[in-house]
Amino acid sequence: MLKGILNFTHHLLEESVDKGDTVIDATCGNGHDTLFLTKLVGENGHVFGFDIQDQAITNTKNRLALNKSNNATIIKDSHSNFIHHMPVDKLTRLGGAIFNLGYLPGSDKSVITRSESTILAVEGILSHMKQNGIVVLVVYHGHEGGETEKEQLVRYMHLLDQKLFHVLYYGFINQKNDPPFILAIQKRN
Ligand code: SAM
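Below is a short write-up of the structure. Counting starts from 1 at the beginning of each chain's written sequence and moves along it residue by residue. Local features in a predicted model are, by the rule used here, given only for residues with pLDDT of at least 70; side-chain atom pairs are given and counted only at 80 or more, and totals for whole chains, interfaces and linings are based on all residues. The side-chain numbers reported here are obtained from all heavy atoms of the structure, hydrogens and water having been left aside.

Moving on, we get to the sheet that holds strand β1 (residues 22-25). Pairing between strands requires that DSSP locate at least two bridges from one strand to the other. Runs of E in the DSSP output that reach at least two residues are strands. Runs of H or I that reach at least four are helices, and both are numbered from the N terminus. One open sheet accounts for seven strands, arranged β3-β2-β1-β4-β5-β7-β6; its pairing is mixed. The strands lining the two open edges of the sheet, one partner per strand, are β3 (72-76) and β6 (165-170). For this sheet, the mean angle separating the axes of adjacent strands, direction not counted, is 15°. Lying on the sheet, helix α1 (residues 5-16) is in contact with β4 (94-100), β5 (134-139), β6 and β7 (181-187); it crosses β5 at an angle near 170°. Inter-axis angles, ranging from 0 to 180 degrees, are taken between N-to-C directions of lines fitted to C-alpha atoms, where helices are fitted over the stretch in contact. Any two residues having at least one pair of non-hydrogen atoms within 4.5 Å are treated as being in contact.

Following this line, the structure appears as structure tokens:
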């Protein structure tokens, strides 16, 4: 069976991230992926979650507290500044990251992820991530500004050196209404 977008996103991370790793949720939103990542890395691993909106930070912290997760640090800042918030010992164990692009569901649709900061963050994460680590981006692009971000991202990913990275594009091309798709980058050995 072909996996749906959410299942395949989790599958990619499960295959690449090890217990004890550090991982990044670059767009916490309501914290669903943050919680998933805390379970994935286990008690010896750590999740750094980023969002620029108070509501997202609150929702994510509440979700983690409800689930008694204490291996995450949630930061109100752009993912492009991730490097300033992560201690070196955690950075050296960076095994992966997830980006859920677009706007916070049920919130202000004008606050969206933008290609400039998304690409800056991806570039920084790739340069610090360990070998076989993975960055997964779920690209929602049906909203205003979404198409531009999508185009810039795909262009950027086309240019990544194939000797250094495997780059995947996964989506259902016969679905209507701008379905989300996955871009994933794995650092090669
Ligand atoms: N994964 C989330 C969940 O499980 O609910 C959904 C994320 S939502 C599609 C996108 C989020 O990215 C929004 O909450 C938005 O505030 C956030 N965002 C936008 N620009 C950002 C940036 N530069 N750095 C970090 N977060 C950003």
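The next subject is the pairing of β4. Residue burial is assigned from relative accessible area. The probe radius is 1.4 Å, only protein chains are included, and a residue is buried under 20% of its type maximum, exposed over 50%, and partly exposed in between. When you tally the buried positions in β4, you get six out of seven residues, the bulk of the element. The sheet contact formed by β1 and β4 spans four bridges and is parallel. Its bridge partner lying in β4, D25 is registered against I98. Note that β4 and β5 share five bridges and pair parallel. The residue bridging F99 from the neighbouring strand is L137, located in β5.

Turning next to unusual backbone geometry. Backbone geometry at N132 places phi at a positive 75°, although glycine is not the residue there. Looking at the element boundaries, N132 is found in the loop between α5 (115-128) and β5. You can call N132 partly exposed: its relative accessible area is 34%. A positive phi angle is found at N177, which is not glycine, with a value near 65°. Inspection of the secondary structure puts N177 in the loop between β6 and β7. By relative accessible area, which is 74% here, N177 ends up exposed.

We call a residue near a given molecule or strand whenever any one of its heavy atoms falls within 4 Å of it. Close contacts around the ligand come from 23 residues, with N30, D51, Q53, S78 and H79 the closest. Here a nitrogen atom of the ligand and a backbone polar atom of T27 are 3.3 Å apart. Pairing of N or O atoms within 3.5 Å defines a polar contact, subject to two protein rules: one partner must be a possible hydrogen donor and the other a possible acceptor, and residues neighboring in sequence count only if both atoms are side-chain atoms. Contacts to the ligand include H79, whose backbone N or O atom sits 3.0 Å from a nitrogen atom. The fraction of the free accessible surface of the ligand (610 Å²) that becomes covered by protein chains is 94%. When contributions to the shell around the ligand are tallied by element, the ones reaching two or more residues are α2 (32-41) and β2 (46-51). Residues that form the shell around the ligand fall into these classes: eight nonpolar, 12 polar and three charged. Methods summary: accessible areas were calculated by the Shrake-Rupley approach with a probe of 1.4 Å, and residue burial reflects only the protein chains presented. Three classes are used, and their members are as follows: Ala, Val, Leu, Ile, Met, Phe, Trp, Tyr, Cys and Pro are nonpolar, Asp, Glu, Lys and Arg are charged, and the others, Gly among them, are polar.

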